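An overview of the molecular structure
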Amino acid sequence: MTRLAGGLIDRTQTVTFTFDGTRYQGHPGDTLASALLAAGVRLMGRSFKYHRPRGVFAAGSEEPNALVELGSGARREPNSRATTVELHEGLEAHSQNRWPALSFDALAVNDLLAPFFTAGFYYKTFMWPKAFWERLYEPLIRRAAGLGRLSMQADPDAYDKGFLHCDLLVVGAGPSGLAAALTAARAGARVILAEEDFRLGGRLLAETGTLDGAPAVDWVTALEAAFADLPNLRVMRRTTVFGVFDHGVYGAVERVADHRRDPGEGVRQTLWRITARRAVLAAGATERPIAFADNDRPGIMLAGAMRAYANRWAACPVDTIAVYTNNDDGHRTAVDLLARGVQVAAVIDARAEATARGDYRVIAGGAVTGTRGRLGLSAIEVRSDRGAERIACGALGVSGGWNPNLHLASHHRGRPLWDETLQTFLPDAHGPAGLVPAGAAAGAFSTAAALSSGAAAATRALGEIGIDAAPCALPEAEAAPWRIAPVFHVPGRKRAWVDFQNEVTVKDIALAHAENMRPVEHLKRYTTLGMGTDQGKTANVTGLAVMAELTGRTIGETGTTVFRPPYTPVSLSVLGGGDTGPYFRPRRLPPTHRWAEAQGAVFVEVGQWMRAQYFPRPGETHWRQAVDREAAAVRSAVGLCDVTTLGKIDVQGADAAAFLDRLYCNTLSTLKVGRVRYGLMLREDGFAYDDGTAARFADDHYVVTTTTANAGLVYRNMEFARQCLWPELDVQIVSTTDAWAQIAVAGPKARTLLARIVDGFDLDNAAFPFMACSALTVCGGLRARLFRISFSGELAYEIAVPARYGQALMERLMARGADLGVTPYGTEALSVLRIEKGHAAGAELNGQTTAAMLGLGRMVSQKKDAIGAVMSRREGLAGDAGRLVGLRPVEDGGAVVGGAHLFAEGAARTLAGSEGWITSSCHSPHVGAAIGLGFLERGDARMGEVVVAANPLEGGSARLRVVPACFVDPEGGRLRD
Amino acid sequence: MLIPHPLLGPRDAQEFVCLGDARLIERPDPAAADAEAAFCDYVFLRDNPAGVHRELWFHEHGDRSWLVVTRDTVTHAVLGAELARDVALARVGRAP
C-alpha cells in the first residue's frame, strides 16, 4: 500500500520526476517527500556524521533528515528539504552525503566508529600539531561529514526585492491565521496574510476534523473565494516570514518560481520588506519526537507528519504502522490511518491510563525500547508492565507533544516561558513590539481555540492602532482538551537521537553534562544541538528536557537558547535581491558614453561613473601608445574630453557670495561677474578637502565645480552648511551635475575649433581671457556655458550644454575639427596632462594634506572665517613641512613608482626616516621620461637635490631629482595667450 | 526603520544618510578667544549616550532636508524628527 484514497492532490494530472536517477510519478499538490512516500520510498538520505540511512521525518519546513540536492548544473541547490519542495514536471533530485550509492554508502563504516565520535570529539582529537588543523584535519572532516555540494557556478536566476506596508501582517494561514486575516480584512484594515506553504489551511489540510460539520478544506476553499473580494487583503502563498526587525519591519521571502522547472524571464524569489503596524504570529506548532534507542531508521517519523501524509497527500509507504505517543494527539494518527485502510499494529502510549479511540490495540504505560531494519524500519521492540515484545511494522509515528513556533516572538530577546500543563514553551510578553501570538503558536492547540484565538488577536492588535474589528462568525470545530505526560526520552544503553541532522544523542547530552557544559548555550555549542539547517526545530526542547533531567532543574529553569533570524534558511541570492554584478550599485554614464563606445574606447569605473580611459586606434598594441598620442595631440593640436562627471553645483541668492566665502578657504565674493576662480575647500579639522572652480554668472549666481569623487559629499556638506550652520543666509543650491554635459576643449587649436561652433561669440583673448566665463549659444541657438579654464596647462575651454545635447556636441566638435587633428582623450591622458602641469587631484587631496603642503597656503584667507579656517591654524597642521614637488629619475630610463616613500640619500629606510611619499606618477610624452609628484619635507627649499624613492613592499629603490611641480610651461604663457 | 519626515511623512531610513550628534549644528564662534579649543571639541568629541539621542540625518535620496531625529539608542525607537534648519534658526533667535 502506498497511494491511499482521497487527499488534496490532483489525480487528473501526472507529474514525472527523478530521484537519484530513477523516474517516479506524482500529482500536482504533492511535495517531493509525499510523492516519494507514495512511491514506497522511505530511504531519502544519509546522516551527517555516521552516514546512517535516513528517511523523511516531518511534513514541513522543520524537516531534519530528508535533505536533497535539487536541479543540476548552475541551478543545483543543496540541502533542500524534500518536505517543502513542491513537485513539478521534470523535477530532478539527488540524495546527499553518500558514496557510491544511497543504499550502499562506504562511509557508513563511521557508524561502527561511533563510540569515538561523541560530542567534543573534534575539539579533543585534532588538537595537535596545530598546523595540521587547517591543512589536513579540517578538509578531511569536511569531506567526510557533510551536507550537499555547491554548484560552484554563478546563480543563473533573477531575484528581486520589494517593500510592502500594512496595518496587520498575519504570519501563517492555519485556522488562527485565517481567522485573524478574515477578522482584520472585514474591518477594512490593510492586511497581508503570509503562508510558507503553497496552499492555505495549515493543519486544517492535514486533519480530518470538521468545521461546521463539513470537511475543513471546504471552509478554507470558501474563505479563499471570500478573500478574492477583499482588495485590502493581500494573500502571499509560498512566502516565509523569516525575521522581525526594528520598528515593525518583517523580512519575508516569496518563492515565486521554485515550483516551476525554469523561472524563465521572471524572478525566482523575491525578498520582501514588510512594514507592519501590527502583526499576528499564527505560525502554528511543530511536533517533537520522543528519543529512544535507534529512533532514526527510515520509516520512523512524527505522528502528525504521518497523519498529514495520509490525509493531505494520500501517502503511506507501508501497510502496517505503529504509533508511540505521550499525548492524545498520537491517537489521531491511528484513527485516521485506520480509516484509510492502513493497519495499525499498536499504539504505545506512555500513559498508564491510556485507552483506544478506535479499533486498535493500545499498550498503555509502554515504551519503545529499540528498532530493527537496515535500510528501513521492520519492527519495534516494546516494553510495558506486561513484559517486552517485538511488533512488526514498516513505519512508526512518534509524538512527544507540540512546540509552538514562537521563533519570531523571541527575535527581540523575548524569552519563552515553560508551561507545565501544556509541557511546552510559550511566547513571553517581551517579544517584538506589536507582535501578538495566536493559535497553536500561543499554545491554543484545539481547532476551536485556534480559531477564536486568531480572531481575538486580530481584534486586539487592530484596537491598539484605533481600528475597530469585531470578531467574525467562526465555524464550530473540535475543542479537545490537551492532555500530555512529560516523557521526553526512553533511558537505555544504545544511542537515542535528539537532533537527527547534527547527530546529537541523549548520550552526547549526558557527556556534555558530565563535562560541565551545562548552560544551554554551552550545551548547544559543545554538542552542536540545534545548529543544523533545521536549527533544531524538532530537537531543541527534547535536548533541554534531557539536560534538565540530568541537572535536576526544571525545563523552565534550564531555559532556551536565543532564536535569531532567519526562521528557515534564506539564500544569499535573494538577500542580494538582484543587486549583483552590474546591478550591485548604480552605474552612471556620461552623455557621450554611447559615442565613446562606438569609438572603441576602453572604460574605467570612477566612483559610479563609467569614463572613457583611452581611445585605442588600429595598430596600437599597448595602452601607453594611445595615451601618449592623446596627450601629445592636446599639447600640439586640440583634444576633447567629457568632463561631465565633475560635480556642478548651482548657487543662487542674495547671500550666494557670502555663503561661498564661508565654504571655501579663499575669497570668492570679490570675483567679478564673468570670471572664474580656483577654489579650495577645507574640512572643519583644517585638512584640504576638495577643489574646483567657481564661476560667477551674476551678482547672485555662481556655478561651482567639485571633483568627480566628492561631488555627492560636497553637495551634502554644502546643504549642511546652508541648513544647519547658516540658515539665516538667503541662498539656494542645487546639483546640476547630470543636467549639463561638459566637454573640455584643450590645445593650441582650441580657439580655432570653438570659433567654428559659437554663434558669433567673440573668443578673442582680450574679449574672453583666461579664467573668463559666459553664457552663450552654439551651433545655431543651443544654450551653452563657456569657461576658459585649463587642467592641462594648454589654451583650454570647457563648454557645457544641456545634457541631452552632449553627444551631439561631441560629434559636432569632432566633425568640425577633423582638419585640426582633433583627438578625443580619456582619463589616462587627462591624468598625464595634469601631472605634467602639477595640478592636484585625488592622490594629493587624500585627507592627509594641508593647503600649505599643496603649495596653496597663501590661499587660506586670514581675514574671514570659513569651514576649517580655525583648525588649519593649529600648531600640528601649520607645522607640517611637507611640500608638493616634482620628481624626475636621475638615471636615464628610470622609473617613478607611486606610493614609494622618499628618503634622504644614505638615510635609514624606516618609517621614522621617511621624508614624504610619491602621490602620482606617469610617463610624460612632453618630458620624454617618467615623472612624478609627491610630498617632501621642506621640498620647496630642496630643488635640485637627489632623494631616494624606496618601495619596501615590492622591493627596489630609485634616485630621483627634486624639481618644481610643473613640467610644462611654468610661466603659464600657453594658457593665457 | 521609518523616519517621520516633518514635510513628507514616514520615509524609509534607507533614503537617509546619518551624520551623528545633532550638536554639530552648534558650530563654535570662530572669533572667540578660545576658538581653537572649542573647535577641537566640536570636531573630535561626541557624547555616546545609552538612551535618547538627537541625531542629524540627511534625506539624500529625497528632498535633501537635514533633519534632527530624536532616537532612543537602547530601544531603537524613533521619537520624533524636525527640520534641522528650524532648529538652527531657533538657535540664532529667528523664527522658522
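Scanning chain B for helices and strands turns up two helices and six strands. Reading the secondary structure of chain B in the N-to-C direction produces β-β-β-α-β-β-β-α. The C-alpha extent of chain B, read off along each of the three principal axes, is 45 × 30 × 20 Å. Counting across all 96 residues of chain B, residues that qualify as buried make up 41%.

Okay, the confidence of the model for chain B next. All names here are of chain B. When the pLDDT values of chain B are averaged, the result is 95; 100% of them are 70 or greater. Within chain B, the element-level pLDDT minimum falls on strand S2 (residues 9–12), averaging 93, and the maximum on strand S4 (residues 52–58), averaging 98. For this predicted complex, the interface score ipTM comes out at 0.98, while the overall pTM is 0.89.

Our focus in this paragraph is the packing of aromatic side chains. Residues and elements named next belong to chain A. This structure, assessed with the given rule, holds 17 aromatic pairs over all chains. Ring geometry for Phe-17 and Tyr-24: centres 5.7 Å apart, planes at 25°, overall stacked. Classification of Phe-17 by relative accessible area gives buried; the value is 1%. Residue Tyr-24 is classed as buried on the basis of its relative accessible area, which comes to 18%. Geometrically, the ring pair formed by Trp-418 and Phe-425 is edge-to-face, given 5.0 Å between the ring centres and 75° between the ring planes. Grouping residues by exposure puts Trp-418 and Phe-425 together as buried.

On the side of chain A, 31 residues touch chain B, which itself brings 31 residues to the contact. Summed over both sides, the interface between chain B and chain A buries roughly 2,600 Å², with carbon and sulfur atoms accounting for 59% of that surface. Linking chain B with chain A are four salt bridges, by the criterion used here. Put simply, chain B and chain A have eleven residue pairs in polar contact (both at pLDDT 80 or more) between them. Looking at the side of chain B that touches chain A, the elements that each hand over two or more residues are strand S3 (17–21), helix H1 (35–44), S4 and helix H2 (84–91) of chain B. At seven residues, H1 of chain B tops the list of elements feeding residues into the side of chain B that touches chain A. Residues belonging to the side of chain B that touches chain A are distributed by class as follows: 21 nonpolar, three polar and seven charged.

Residues and elements named next belong to chain A. Counting buried positions along strand S42 (residues 796–802) gives seven out of seven residues, so the element sits mostly inside the fold. Relative to S42, strand S39 (residues 740–746) runs antiparallel, the two being bridged by seven bridges. Paired with Ala-744 across the strands is Glu-798, a residue of S42. Sheet topology note: the strand S41 (residues 782–787)/S42 ladder contains three bridges and is antiparallel. Across the sheet, Leu-786 pairs through a bridge with Ile-799, a residue of S42.

The next thing to look at is unusual backbone geometry. All names here are of chain A. The omega torsion across Pro-565 and Pro-566 is 0°, close enough to zero to call that bond cis. Checked against the element boundaries, Pro-566 lands in the loop between helix H13 (555–558) and helix H14 (572–576). One non-glycine residue with positive phi stands out, namely His-247, at about 65°. Tracing the backbone through its elements, the reader meets His-247 in the loop between strand S13 (239–245) and strand S14 (249–255). Judged by its relative accessible area of 28%, His-247 falls in the partly exposed class. For Cys-779, which is not glycine, the phi torsion reads 55° and is therefore positive. Of note, Cys-779 is situated in the loop between strand S40 (773–778) and S41.

We now examine empty space enclosed by the protein. All names here are of chain A. Counted by the stated rule, this structure contains five cavities of 30 Å³ or more. Roughly 230 Å³ of volume is contained in the largest cavity. Every residue lining the largest cavity is counted, 21 residues in all, and those nearest its centre are Gly-536, Asn-540, Val-541, Thr-560 and Phe-563. Where the lining of the largest cavity is concerned, the elements lending two or more residues are strand S25 (402–404), strand S27 (424–426), helix H11 (520–527) and helix H12 (540–551). Looking at the lining of the largest cavity residue by residue, the class counts come to ten nonpolar, nine polar and two charged. Volume-wise, the second largest cavity comes out at about 130 Å³. As for the second largest cavity, its lining consists of 18 residues, and the residues nearest its centre are Thr-592, Arg-611, Ala-612, Phe-615 and Asp-642. When residues of the lining of the second largest cavity are traced back to their parent elements, those giving at least two are helix H15 (593–598), strand S32 (609–614) and strand S33 (639–642).

As a further point, take a nonpolar patch on the surface. Residues and elements named next belong to chain A. Residues Leu-107, Val-109, Leu-112, Leu-113 and Phe-116 make up a contiguous nonpolar surface patch of roughly 490 Å² in combined accessible area. Tracing the chain through its elements places Leu-112 in helix H2 (residues 109–112). Its relative accessible area of 70% is what places Leu-112 among the exposed residues.

Procedures and definitions
- Along each chain, numbering runs from 1 in the same order as the chain's sequence is written.
- Going through the entries in the order they are written, you letter the chains from A and number the ligands from 1.
- Side-chain atom pairs in this predicted model are given and counted only at pLDDT of 80 or more, local residue features only at pLDDT of at least 70, and totals for whole chains, interfaces and linings cover all residues.
- Heavy atoms throughout the structure, all of them, feed into the side-chain values; hydrogens and water do not.
- Only DSSP runs of H or I reaching four residues or more are called helices, and only runs of E reaching two or more are called strands; each is numbered from the N terminus.
- Relative accessible area decides the class of each residue, using a 1.4 Å probe on protein chains only: under 20% of the type maximum gives buried, over 50% gives exposed, and in between gives partly exposed.
- Residue-level confidence of the predictor is summarised by pLDDT, bounded by 0 at the bottom and 100 at the top.
- Aromatic pairs are defined between Phe, Tyr and Trp rings, using the six-membered ring for Trp, whenever the two ring centres lie within 6.5 Å; interplanar angles under 30 degrees are classed as stacked, those over 60 as edge-to-face, and all others as tilted.
- The criterion used for residue contact is that any of the two residues' heavy atoms lie within 4.5 Å.
- Here the buried area means the combined drop in accessible surface, using a 1.4 Å probe, for two parts upon being joined, counting both sides.
- Only one rule defines a salt bridge in this text: a Lys or Arg side-chain nitrogen within 4 Å of an Asp or Glu carboxyl oxygen.
- Pairing of N or O atoms within 3.5 Å defines a polar contact, subject to two protein rules: one partner must be a possible hydrogen donor and the other a possible acceptor, and residues neighboring in sequence count only if both atoms are side-chain atoms.
- Note on residue categories: nonpolar means Ala, Val, Leu, Ile, Met, Phe, Trp, Tyr, Cys or Pro, charged means Asp, Glu, Lys or Arg, and polar means any other residue, Gly included.
- Only strands that DSSP links by at least two bridges are regarded as paired with each other.
- A cavity, in this analysis, means grid points on a 1 Å lattice covering only the protein atoms where a 1.4 Å probe fits yet has no way out; a pocket is instead an open set bounded by protein on both sides within 12 Å along at least five of seven lines, and a residue lines either one if it has an atom within 4 Å of a point.
- Grid points are joined across faces, edges and corners, and a volume is the space filled by probe spheres set on the points.
- Patches were defined on residues exceeding 30% relative accessible area and lacking a salt bridge, with like-charge contacts within 9 Å and nonpolar side-chain contacts (Val, Leu, Ile, Met, Phe, Trp, Tyr) within 5 Å.
- Note that accessible areas follow from Shrake-Rupley with a 1.4 Å probe, and for residues the cover is restricted to the protein chains shown.

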